[in-house]
Every structure is written in C-alpha cells, then in structure tokens.
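# Inside the fold
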Amino acid sequence: MADTRSAPVGRPREFDVDAAIDQALLVFWQRGYEGASLATLTEAMGISKPSMYAAFGKKDELFRLVLERYVEGPASYTARALEEPTAREVAEAMLRGAVRTTTMPDGFGGCLTVQGALTSSEGSAAAFDLLVRWRNDAGRQLEERFRRAAAEGDLPRSADPAQLSRYIMTVGFGIAVQAADGVARADLDEVASVALQAWPH
C-alpha cells in the first residue's frame, strides 16, 4: 500500500512504510521491545534514524503501529476464535491459533505480546503498559464470550466463565513461552489437546 502521509515538498519519502513496519514487527517479535535497538530496527527497515523519527516518531510510537499490524495479521486468530459457534470451539481456536502463530516465523518463535514485555525498564514503560492492556482486553473479551455461552446454555451451570477465560489465556501464553524456547509445533499441539481435555462437560 502506498504511503499517503504527506512529506515535505521536494523531499518525497523513499521507502515503503508498510514494508518498514513489517520489518520492525519481525525485530520486535524476535528481540522484544528492550532488545530491539534503534540501530537494529533502522537496519532491518532499511532507513536512517532521522527517517524513522520523521515517519514514525519515537520507538514506542513505532511499537504501537507494530502491535496494530500484529493484531491485524498474525494475532488475528483471536478475533476469529470469538466467532466460533460454541465455547469449546472458541477455546480450541484460541489454543490452536496460539500454536500456529507462535511457531510461524522462520528462525524464532513466541508471541510479540509476550516477548515484547518480558523485561521492563523505565524507558519501556509505555510499551509494557500497552501490552498489558492488550492482554487484559483479550482476556475480558474471551470472558464475555464465555458468559454469553453460559447464558445460552452452551456451558454447564458449574462452569465459571472468568476462570475458563483465565485458564485458556494462561495456557495460550504458556504455549508462547514454550515456542520461544524452541518447542516444536506438534508438541505444542499436544499441549493444547491435553488442556482441552479439562473442558467442563
């Protein structure tokens, strides 16, 4: 997609903004927020630091754009999962999606929303808080979906939507950590299968 943001007259932007964000996404995904230095980011994006600041602002502002791209792309399985017809299918789509996404990139694995906030200094507080909000929002949306399932009789009366949501989110993020450690996709799929065996009947 062409860059529609204005540039100074006589000095057109000489790089593809979308491609640059995609490259930044891979750097943040692999190295986390703190581990992604400006030098590494600009090299991967193929631009200079002044160009990066002019196009994207500060590092945390670039990261916000990257997270939006990640949510719309690799992590879009979360939104699709909520549309599954039954609560159990929602849970399975969440876990299988986590497995696929966290084992998808060549050469590394894990989840941007987990990798990005494993460590946090004062300088990365904005990115850390952004990721916490994203993860909490995802958990709330899943809980709301399970509450609807309970109201529709799709879950037994003994099931607690809040507990189920925390359970699925915890297993999903655990899968991401295991993927970052190099655990194979097939093994993580087995983890998802075992987790689903505990689904309330």
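Bear in mind that the values here come from a model prediction, so they are computed numbers and not experimental data.

Taking 1.5 Å per residue as the helical rise, helix α8 (residues 125–151) with its 27 residues ought to reach 39 Å, and the 39 Å between its terminal C-alpha atoms agrees with that figure. Those residues of α8 that are buried lie in contact with α1 (17–35), α4 (59–72), α6 (87–102), α7 (112–115) and α9 (161–180).

Sequence positions flagged by UniProt for "DNA-binding region" (unreviewed entry) are, in local numbering, residues 37–56. Annotated as 80% helix and 0% strand, the span residues 37–56 places its first and last C-alpha atoms 15 Å apart.

As a packed pair, α1 and helix α2 (residues 38–45) sit with axes 8 Å apart at the nearest point and diverge in direction by 140°. By the angle between their directions, the pair α1 and α2 is classed as oblique. Classified by chirality, the crossing of α2 by α1 is right-handed. Across from Ala20, Gln23, Ala24, Val27, Phe28 and Arg31 in α1, the residues of α2 making contact are Thr40, Leu41, Ala44 and Met45. By residue class, the composition of the contact of α1 with α2 is 7 nonpolar, 2 polar and 1 charged.

The next point concerns the packing of aromatic side chains. In this structure the tally under the stated criterion is 6 aromatic pairs. Centroid distance phenylalanine 15 to phenylalanine 56: 6.2 Å. Interplanar angle 50°. Geometry classified as tilted. Taken together, the residues phenylalanine 15 in the segment before α1 and phenylalanine 56 in helix α3 (residues 49–56) connect sequence positions 41 residues apart. Using a relative accessible area of 18% as the deciding quantity, one classes phenylalanine 15 as buried. With a relative accessible area of 5%, phenylalanine 56 lands in the buried category. When the ring of tryptophan 29 is compared with that of tyrosine 70, the centres are 5.1 Å apart and the planes differ by 85°; the resulting orientation is edge-to-face. Residue tryptophan 29 is found in helix α1, and its partner tyrosine 70 is found in helix α4; the two are separated by 41 residues along the sequence. Pair check on accessibility: tryptophan 29 and tyrosine 70 agree, each one buried. By way of ring pairs, the aromatic residues Phe28, Tyr33 and Phe63 are connected into one cluster.

With that settled, the discussion passes to empty space enclosed by the protein. Empty space among the atoms can be located by rolling a probe the size of a water molecule over them. For the structure shown, the criterion picks out 2 cavities of 30 Å³ or more. The calculated volume of the largest cavity comes to roughly 150 Å³. If you go around the largest cavity, you meet 14 residues; those closest to its centre are Tyr77, Met94, Ala98, Gly172 and Phe173. At the level of secondary structure, the elements contributing two or more residues to the lining of the largest cavity comprise α5 (77–81), α6, α8 and α9. When residues of the lining of the largest cavity are assigned to their parent elements, the largest contribution, 5 residues, is made by α9. Considered class by class, the residues forming the lining of the largest cavity number 11 nonpolar, 3 polar and no charged.

Tracing the backbone shows lysine 59 in helix α4. Within the buried set, lysine 59 has no salt-bridge partner at all; the shortest N-O distance to an opposite charge, 7.8 Å, is to glutamate 34.

All chains considered together, the criterion is met by 8 salt bridges. The closest approach of N and O atoms between arginine 88 and glutamate 92, which form a salt bridge, is 3.2 Å. Note that arginine 88 and glutamate 92 are positioned in helix α6 at a spacing of 4 residues, about one turn of the helix. Between arginine 140 and aspartate 137 there is a salt bridge, with its nearest N and O atoms 2.2 Å apart. Separated by 3 residues within a single helix, arginine 140 and aspartate 137 lie in helix α8, roughly one turn from each other. Look at arginine 140 and you get partly exposed, because its relative accessible area is 46%. Using a relative accessible area of 32% as the deciding quantity, one classes aspartate 137 as partly exposed. Among the ionic contacts, a cluster of salt bridges with common partners joins Arg88, Glu92, Arg96 and Asp189.

Reading guide: rules and limits
Chains are numbered independently. Their residues run from 1 in the order of the written sequence. Where local features are concerned, this predicted model is filtered to residues with pLDDT of at least 70; where side-chain atom pairs are given and counted, the filter is 80 or more; whole-chain, interface and lining totals use all residues. The basis for every side-chain value is the complete set of non-hydrogen atoms in the structure, without hydrogens or water. Secondary structure follows DSSP: runs of H or I at least 4 residues long count as helices, runs of E at least 2 residues long count as strands, and numbering of each begins at the N terminus. Multiplying one less than the number of residues by 1.5 Å gives the expected span of a helix. Any two residues having at least one pair of non-hydrogen atoms within 4.5 Å are treated as being in contact. UniProt positions are given in the numbering used here, feature names are shortened, and annotations may be inferred rather than shown by experiment. Where helices are involved, their axes are fitted lines through C-alpha atoms of the stretch in contact, as for all axes, and angles between N-to-C directions lie from 0 to 180°. Orientation is classified from the angle alone, with under 35 degrees giving roughly parallel, over 145 giving roughly antiparallel, 65 to 115 giving roughly perpendicular, and any other angle giving oblique. The hand of a helix crossing depends on one turn: near helix anticlockwise from the far one by less than a right angle means left-handed, and clockwise means right-handed. Side-chain classes are defined by residue name, with Ala, Val, Leu, Ile, Met, Phe, Trp, Tyr, Cys and Pro counting as nonpolar, Asp, Glu, Lys and Arg as charged, and the others, Gly among them, as polar. When the centres of two rings from Phe, Tyr and Trp lie within 6.5 Å, Trp using its six-membered ring, the rings pair. Their planes under 30 degrees apart give stacked, over 60 give edge-to-face, and anything left gives tilted. In this scheme, a residue with accessible area under 20% of its type's maximum is buried, one over 50% is exposed, and one in between is partly exposed, where area comes from a 1.4 Å probe on protein chains only. Of the two site types, the cavity is a set of points on a 1 Å grid over the protein atoms alone where a 1.4 Å probe fits but cannot get out, and the pocket is an open set with protein on both sides within 12 Å along at least five of seven lines, each lined by residues with an atom within 4 Å of a point. Grid points are joined across faces, edges and corners, and a volume is the space filled by probe spheres set on the points. Only four residue types enter the tally: Lys and Arg on the positive side, Asp and Glu on the negative side; His and the chain ends are excluded. One speaks of a salt bridge when a side-chain nitrogen belonging to Lys or Arg is within 4 Å of a carboxyl oxygen belonging to Asp or Glu.

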